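Overview (structure and organization)
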Amino acid sequence: MSEVLNSYSKFIMPLVFSYDMLVNRNRRLSEDFKPESLILPQIPFDSSAAPDDPKRMLESEAAHAAESLFIQSRHDGLHLYGVSGYRTYSRQNELFSRNPETIYVAPPGGSEHQTGLALDVSCPALSLDLTEEFALTLEGRWLTKNAPLFGFILRYPKGKENITGYAYEPWHIRYVTRSLALYLTLTGLTLEEYHSLRLPDEDSEDYGCAASSEPF
Ligand SMILES: [Zn+2]
């Protein structure tokens, strides 16, 4: 896997912020990329994060959408918690250098958390851990059903690892606006597949993350 990860280091692109922007191991953000408007969403959050920890922040529209999502989850008797939101390039660099071979950790610039549009969530039943078991909890099942209604997709689904380039992560949600979230969920397309369909002729660029291009 490290060979695959290292082979992506040449793909550094000047990505522009948009709610459907595609960031992955192939399409990385520059070191100075930062969303214009980062705010602190009013949602229950992992208390081990300091009150001023940037990981508590999200891009403003995503933050408001997350607030609505959490209000509804609480109304439905669930206990969702935010665990990790915005992440700087340098913080991602630290995480990656500690663990460069795992498919859970993105290389610097290759994490959507740097866009302010991604949020990792968990629940007290798992001690707020980020594990696959989250999908089996009441909160995880509720999230699968309801996240798209608030503009979020489950970004790294099971069975699409070769396209997204990341392991199955039922805890990682990504804001893409409500209309796109509903479209992607109903069609079962990943964001990589959506971009590949939307711009079929843009150079011969491969939007996926497979080591070799595979049809989907
Ligand atoms: Zn995440």
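Just above, that's the structure.
Residues numbered from 1 in each chain as written. Predicted model: local features only at pLDDT ≥ 70, side-chain atom pairs only at ≥ 80, totals over all residues. Heavy atoms only, no water.

**Side note on the pairing of strand β6 (residues 169–175)**
Inclusion rule: Summary of the burial criterion: residues with accessible area below 20% of their type's maximum are buried, those above 50% are exposed, and those between are partly exposed, where the area comes from a 1.4 Å probe applied to protein chains only. For helices the rule is a DSSP run of H or I covering at least 4 residues; for strands it is a run of E covering at least 2, with both sets numbered from the N terminus onward. When DSSP finds two or more bridges between a pair of strands, those strands are recorded as paired.
Most of β6 is tucked away: 7 of the 7 residues are buried. Relative to β6, strand β4 (residues 118–122) is paired through 3 bridges, and the arrangement is antiparallel. Paired with D120 across the two strands is H172, which belongs to β6. Relative to β6, strand β5 (residues 152–156) runs antiparallel, the two being bridged by 4 bridges. Note on β6: the bridge partner recorded for Y156 is E169.

**Digging into the packing of aromatic side chains**
Just so we agree on the cut-off: Two aromatic rings from Phe, Tyr or Trp, using only the six-membered ring of Trp, form a pair when their centres are within 6.5 Å; if the ring planes differ by under 30 degrees the pair is stacked, by over 60 it is edge-to-face, and anything between is tilted.
Across all of its chains, the model carries 5 aromatic pairs by this definition. With centroids separated by 5.4 Å and ring planes inclined at 65 degrees, the aromatic side chains of F152 and Y175 adopt a geometry described as edge-to-face. Placement of F152 in strand β5 and of Y175 in strand β6 is noted, with a sequence separation of 23 residues between them. On the basis of relative accessible area, F152 is assigned to the buried category, the value being 0%. With relative accessibility at 6%, the residue Y175 sits in the buried group.

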